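# Observations on the model geometry
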Amino acid sequence: MMKIIERYDRQFEYAGVLMDVVIAYQFFSIWHHPTMDDLPQLGTLSLLMIFEFIMVHSGVFMAVMPKKISLFVLIPFYGVFAWAMNNALDDNTVMYIYLMVVFNRMRFAFSDVSIEIRNRAFYKSVMAAMMYFFMIFIFVFGADYIPKLGLTEEFIRLSGYGKDLKYEGAFVDLPHSAMAFGMFYYCGLALIEALLLKRTFAPKTSSKSITL
């Protein structure tokens, strides 16, 4: 009987694409038209991009590590970061969506899946990691050239954003850049996952012909 992970592999992949699009829209919505009520979510999304720095490698490790190591080492390790992240937030709505994305990446830790599925997960994670580190330089060092849209200096000043946050960093100081980074990054993830769905990652087999 085919394992559940493999049987519903396509559904998991489509769900991953959908979740990436949903998160990308959340980033764009607050970047484009923030309100005072969006301040907790603005902090949440900024922290998500910091947490993604840690989690972007998870897919690679889950794809190549033995199941026991994934279950008893990697999942608790990432779980500690998720717990610390959640304690720094006042709003958990986006966090729940993000955890669904993380679970989708980590599903390989719960089952021995085929080489083809693991290969696809490996390539997807490597491409995501490369995209993250490439984009972070653009959106941090090029923040002055990124449109602020609704996250103007006046809005940030009037809203008091950043005063009650329990963490600090470039994404806190540059909320417009963090939102732009998040939108383009998750749109890129969705595109990568959609494109890889059309490719096959089955191991190549070589056939030898015998000439008499």
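Residues numbered from 1 in each chain as written. Predicted model: local features only at pLDDT ≥ 70, side-chain atom pairs only at ≥ 80, totals over all residues. Heavy atoms only, no water.

### Notes on the pattern of salt bridges
Side chains that differ in charge, positive against negative, can pair when their charged atoms come close. Filter applied, for reference: Whenever Lys or Arg places a side-chain nitrogen within 4 Å of a carboxyl oxygen from Asp or Glu, that contact is recorded as a salt bridge. Strands here are runs of E lasting at least two residues and helices are runs of H or I lasting at least four, both read from the DSSP assignment and numbered beginning at the N terminus. Accessibility here uses a 1.4 Å probe with only protein chains present; expressed as a share of the type maximum, an area under 20% marks a residue as buried, one over 50% as exposed, and anything in between as partly exposed.
Tallied over the entire structure, the rule returns 2 salt bridges. In this structure, Glu13 engages Lys124 in a salt bridge whose closest nitrogen and oxygen atoms are separated by 3.1 Å. Here Lys124 lies in helix α7 (residues 115-141) and Glu13 lies in helix α2 (residues 9-32), a separation of 111 residues in the sequence. In terms of burial, Glu13 and Lys124 fall into one category: buried. Lys148 is the partner of Glu153 in a salt bridge, and the nearest nitrogen-oxygen pair spans 3.1 Å. Judged by its relative accessible area of 32%, Lys148 falls in the partly exposed class.

### Remarks on the packing of helix α3 (residues 39-55) against helix α10 (residues 175-196)
Defined as follows: Each axis is a line fitted through C-alpha atoms, taken for helices only over the stretch in contact, and angles between the N-to-C directions span 0 to 180 degrees. Roughly parallel here means an angle under 35 degrees, roughly antiparallel means over 145, roughly perpendicular means 65 to 115, and every remaining angle is called oblique. Handedness of a helix crossing follows the sense of rotation of the near helix relative to the far helix, less than a right angle counterclockwise being left-handed and clockwise being right-handed. Only heavy atoms matter for contacts: two residues are in contact if any of them lie within 4.5 Å across the pair. Residue polarity follows a fixed list, in which Ala, Val, Leu, Ile, Met, Phe, Trp, Tyr, Cys and Pro are nonpolar, Asp, Glu, Lys and Arg are charged, and the others, Gly among them, are polar.
With their axes 10 Å apart at the nearest point, α3 and α10 run at an angle of 60° to one another. When the interaxial angle is binned, α3 and α10 end up oblique. Judged by the sense of rotation from one axis to the other, the crossing of α3 with α10 is left-handed. Mapping the contact onto sequence places Leu42, Leu45, Ser46, Met49 and Glu52 in α3 and Pro175, Ala178, Met179, Phe181, Gly182, Tyr185, Tyr186 and Leu189 in α10. Residue classes in the contact of α3 with α10 are distributed as 10 nonpolar, 2 polar and 1 charged.

### Quick look at unusual backbone geometry
The backbone of Leu149 sits at a positive phi, close to 50°, despite the residue not being glycine. With respect to the helices, strands and loops of the structure, Leu149 is situated in the loop between α7 and α8 (153-159).

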